[in-house]
Amino acid sequence: MIDPHLHHVPRLGRHPSRFRLRGTPVLTVLIGSALTALPLVAQSPVMPPLGLLTLLSWRLLRPELWRAWIGVPLGLVDDMLSGQPLGSAMFLWTVTLIGIDAIEHRMVWRGYRQDWLIATLAVIFCLSGGLFFARVAGGGSVRFALIVPQMIWTILLFPFVVRQCARIDRWRVMA
């Protein structure tokens, strides 16, 4: 008798589609970037950059999935949806992915705490860089202390986003 709880087991000889394997991570990052465009009224930035968190989660979860240049198109979409100056997320995300590649080549092994530390540094870099680009583009004199709660909220949300990406990844690789 076949166990009824094994509905998720793929059939022999079936493989997931190419779109499912390659398109799912890209779609989740795009959805994360689109969620920041929700109409939320606040006096300071409180919404975490979910597109960046999803990108970091996929990159740290599956290092072989993307090259460093993927930050350019995904960053462009994030810039258009979030209202940041065009090119800011493109540049920051690409530099972040190059930095993660450099860190990975130097580390012999990496655990969960190291991933969280890498993501923390990446979030601080990207949010600080976004603040710099906003100032340069005429955003006024915004203090760094204004984005500190957003940084903390984003860093604390990282484990949840990684877990969701791992769940999506299990679905993605099954036929």
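Residues numbered from 1 in each chain as written. Predicted model: local features only at pLDDT ≥ 70, side-chain atom pairs only at ≥ 80, totals over all residues. Heavy atoms only, no water.

J.: Tell me about the pattern of salt bridges, and please be specific about residues and values.
T.: Throughout the structure, instances matching the rule amount to 7 salt bridges. The shortest N-O distance in the salt bridge between Asp-169 and Arg-172 comes to 2.8 Å. Placement of the pair is Asp-169 and Arg-172 together in helix α6 (residues 148-173), with a separation of 3 residues, close to one helical turn. Judged by relative accessible area, Arg-172 falls into the buried class, the value being 5%. Each of the salt bridges in this network shares a partner with another, and the network as a whole consists of Arg-59, Asp-101, Glu-104, Arg-110 and Asp-115. (Salt bridge = Lys/Arg side-chain N within 4 Å of Asp/Glu carboxyl O. Helix = DSSP H or I, 4+ residues; strand = E, 2+ residues; numbered from the N terminus. Buried < 20%, exposed > 50% of the residue type's maximum accessible area, 1.4 Å probe, protein only.)

J.: I'd like a description of a nonpolar patch on the surface, backed by residues and values.
T.: Together, Phe-19, Leu-27, Ile-31, Leu-35 and Leu-38 make up an exposed nonpolar region whose accessible area comes to about 490 Å². Tracing the chain through its elements places Leu-35 in helix α1 (residues 18-35). (Patch = residues over 30% accessible without salt bridge, like charges linked within 9 Å, V, L, I, M, F, W, Y side chains within 5 Å. Areas by Shrake-Rupley, 256 points an atom, 1.4 Å probe, with all protein chains shown as cover.)

J.: Any chance you could break down the packing of helix α2 (residues 50-61) against α6 for me, citing the residues and the numbers?
T.: It is the contact of α2 with α6, at a shortest axis distance of 8 Å, that shows an interaxial angle of 60°. Judged by the angle between their axes, α2 and α6 are oblique. Along this stretch, α2 crosses α6, giving a crossing that reads as right-handed. Counted together, Leu-50, Leu-53, Thr-54, Leu-56, Ser-57, Trp-58, Leu-60 and Leu-61 of α2 and Thr-154, Leu-157, Phe-158, Val-161, Val-162, Cys-165, Ala-166, Ile-168, Asp-169 and Arg-172 of α6 form the full contact between these two elements. Per-class residue counts for the contact of α2 with α6 are 13 nonpolar, 3 polar and 2 charged. (Axes fitted to C-alpha atoms, helices over the stretch in contact; angles between N-to-C directions. Parallel < 35°, antiparallel > 145°, perpendicular 65-115°, else oblique. Left-handed = near helix turned anticlockwise from the far one by under 90°. Contact = heavy atoms within 4.5 Å. Nonpolar A, V, L, I, M, F, W, Y, C, P; charged D, E, K, R; others polar.)

J.: Could you give an account of the environment of Val-161, naming the residues involved and the relevant values?
T.: With respect to the helices and strands, the residue Val-161 is situated in helix α6. Along the backbone, Val-161 and Trp-58 are 103 residues apart, and their C-alpha atoms lie at a distance of 9.4 Å. When sequence neighbours within four positions are dropped, the list of residues in contact with Val-161 reads Leu-53, Thr-54 and Ser-57.

J.: Outline the nonpolar core, listing residues and values.
T.: In this structure, Leu-55, Leu-56 and Trp-93 are the most contacted members of the largest nonpolar core, which totals 32 residues. Breaking this core down by element, the ones donating at least two residues are α2, α4 (88-106), α5 (112-136) and α6. Sequence-distant contacts of Leu-55, that is, excluding residues within four places in its chain, are made with Val-29, Trp-66, Ile-70, Leu-74, Trp-93 and Leu-97. (Core = buried A, V, L, I, M, F, W, Y, C linked by side-chain atoms within 4.5 Å.)

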